[in-house]
Amino acid sequence: MTVRIGVIGAGWIGNEHIRRLTHTVTGARVTAVTDIDPARAAEAAEPVGARVLPDGPAVVAADDVDAVLVTSWGPTHAEHVLNAVAAGKPVFCEKPLATTAEDCLRIVEAEQAHGRRLVQVGFMRRYDTGYRQLKQVIESGRIGEPLIVHCAHRNPTVPETYTSAMAALDTAVHEVDVLRWLLDDEIVSTQVITPRATGKRFEHLKDPQIMLFETAKGVRIDLEVFVNCQYGYDIQCEAVGEEGLVRLPDPAAVAVRSAAQHSTAVLTDWVGRFRDAFDTEFREWIAGVAAGAEPTGPSAWDGYAATVITVATVEALESGTVVATDIKPRPALYGGIA
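Definitions and cut-offs
The written sequence of each chain sets the order in which its residues are numbered from 1. Under the rules for a predicted model, residues below a pLDDT of 70 receive no local features and side-chain atom pairs below 80 are neither given nor counted, while totals for whole chains, interfaces and linings still include all residues. Values shown for side chains rest on all heavy atoms present in the structure; no hydrogens or waters enter the calculation. Note on definitions: the grid is 1 Å and covers protein atoms alone; a cavity is a set of points where a 1.4 Å probe fits but cannot get out; a pocket is an open set with protein on both sides within 12 Å along at least five of seven lines; lining residues have an atom within 4 Å of a point. Grid points are joined across faces, edges and corners, and a volume is the space filled by probe spheres set on the points. Helix numbering and strand numbering both begin at the N terminus, where a helix is a DSSP run of H or I of at least 4 residues and a strand a DSSP run of E of at least 2. For this scheme, ten residues count as nonpolar: Ala, Val, Leu, Ile, Met, Phe, Trp, Tyr, Cys and Pro. Four count as charged, namely Asp, Glu, Lys and Arg, and the remainder, Gly too, count as polar. Note on definitions: salt bridges are taken to be side-chain nitrogens of Lys or Arg within 4 Å of carboxyl oxygens of Asp or Glu. Think of it in three bands: with a 1.4 Å probe and only protein chains considered, a residue is buried below 20% of the maximum accessible area for its type, exposed above 50%, and partly exposed in between. Given the number of residues in a helix, its expected span is that number minus one, multiplied by 1.5 Å. Polar contact is the term for a pair of N or O atoms within 3.5 Å; when the atoms are in protein, one must be able to donate a hydrogen and the other to accept it, and sequence-neighboring residues count only if both atoms are side-chain atoms. We call a pair of cysteine sulfur atoms a disulfide when they lie within 2.5 Å. Note on method: axes are straight lines fitted to C-alpha atoms, helices fitted across the in-contact stretch only, with angles between N-to-C directions ranging 0 to 180 degrees. Here roughly perpendicular refers to angles of 65 to 115 degrees, roughly parallel to angles under 35, roughly antiparallel to angles over 145, and oblique to all remaining angles. For this analysis, residues touch if any pair of their heavy atoms sits within 4.5 Å.

Here the largest pocket defines a volume of roughly 1,200 Å³. At the level of elements, α1 (12-23), α7 (166-183), α8 (270-291) and α9 (300-319) are the ones that each hand at least two residues to the lining of the largest pocket. Looking at the lining of the largest pocket, the element that brings in the most residues is α7, giving six residues. Looking at the lining of the largest pocket residue by residue, the classes come out as 21 nonpolar, 14 polar and four charged.

Structure (structure tokens):
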């Protein structure tokens, strides 16, 4: 079957996913689009032959929409996801699932009342080939039980509108989700250390930040978030176990020998780094919807956990203390993190 998709939010990421669903993923067709700016919705809808609808509820209720894609402004996500769950339609929500733990729990409770999973959250790193290989090695036991994980998330620059809290809420949130998944373990506490600040930042920004997490099993994680590193977009992850270590590979790049130098290129943005992961994420989601299966990707519970942990990390940054995450017990509907 062809899965008919209604898109709520026609900004940059919404348009990117419309392109992906139209030209890269088979078995999907965008049939309806809405946006707070009707002209922007029309601009996104016209090339793919979709209808423009007045608002999110209209998209969810449309007879020619089998599944919903939420790519609107973050604070509106909970409303649209709850509407989709109430309508019994599968819904893919770009992160965050919601901007508060309370709204995330409302979604979790609604899905539990429905009796089966409908929600998938857009944490694309679980679909990256390198991260999947990392998980296979950890699960195989080749490095023994994980003890320590070292991570880095570096951007060349960020705009002046970027705030210190966004280092956790918008940047580190991807590591938070993928590390819970890699380790099949929950993060129970968080702390933030601020070393000497780079002179390349805007004055209001604390950059870099070192985030320290502890899991329920006692694994210690250090994450460097450096969003003005200048040299490129660089994602690093290394898990140290009792009997060895495993490291995330860098993206494939040719090695150049020229002018007495040996060099490889460094990517400059997340779009190029995770393009294939986005494609795989949507292929698997569409295949599941077409088969009538529950989604197997990041769940509403994963969205809740990520929001709780990143909000606690902002509190840790502002207070200078270790903050417990106090994540509630996981409902049976959501099984394990893996």
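What follows deals with the pattern of salt bridges. All told, the structure shown has 22 salt bridges when counted by the stated rule. Among the salt bridges present, the one from D170 reaches K95, with a minimum N-O distance of 4.0 Å. You can see D170 sitting in helix α7 and its partner K95 sitting in the loop between β5 (91-94) and α5 (101-114), a full 75 residues away along the chain. Judged by its relative accessible area of 34%, D170 is partly exposed. Looking at K95, the relative accessible area reads 21%, which means it is partly exposed. One salt bridge in this structure joins D302 and R126, with 3.3 Å as the shortest N-O distance. Remark: R126 occurs in the loop between β6 (119-122) and α6 (129-140) and D302 occurs in helix α9; sequence separation between them is 176 residues. Assigned by exposure class, D302 and R126 land together as buried. Through salt bridges with shared partners, one network takes in R126, D177, R180, E186, D302 and R330.

Before going further, it helps to examine α9. In this model, α9 (20 residues) spans 29 Å end to end at C-alpha, consistent with the 28 Å of a helix rising 1.5 Å per residue. Of all the 20 residues making up α9, 16 are buried; the element is thus mostly covered by neighbouring parts of the structure. Between the side-chain oxygen of the N-cap and the backbone nitrogen of W301 there are 3.2 Å, and the N-cap of α9 in question is S299. Taken from the residues just after α9, G320 is the one with a positive phi, measuring 75°.

Per the stated rule, a full pass over the model turns up zero disulfides. Free of any disulfide, C104 has its nearest neighbouring cysteine sulfur in C93, separated by 8.9 Å. Taking relative accessible area as the criterion, C104 reaches 0% and is therefore assigned buried. There is no disulfide at C237, and the cysteine sulfur nearest it, in C151, is 3.9 Å away.

With that settled, consider the packing of α6 against α7. Relative orientation of the contacting elements α6 and α7 amounts to 30°, with a least axis distance of 9 Å. Overall, the two elements α6 and α7 adopt an arrangement that is roughly parallel. Note on element contacts: α7 touches α6 through V178, W181 and L182, opposite Y131, R132, L134, K135 and I138. Class assignment of the residues belonging to the contact of α6 with α7 gives a composition of six nonpolar, no polar and two charged.

Next up on the list: the environment of H150. Within the secondary structure layout, H150 lies in strand β7 (residues 146-154). A residue is classified by how much of its surface remains accessible, and H150, at 31% relative accessible area, is partly exposed. Setting aside anything within four residues of it in sequence, one finds H150 in contact with D222, Q236, C237, E238 and V240. A polar side-chain atom of H150 sits 2.7 Å from a polar atom in the side chain of D222.

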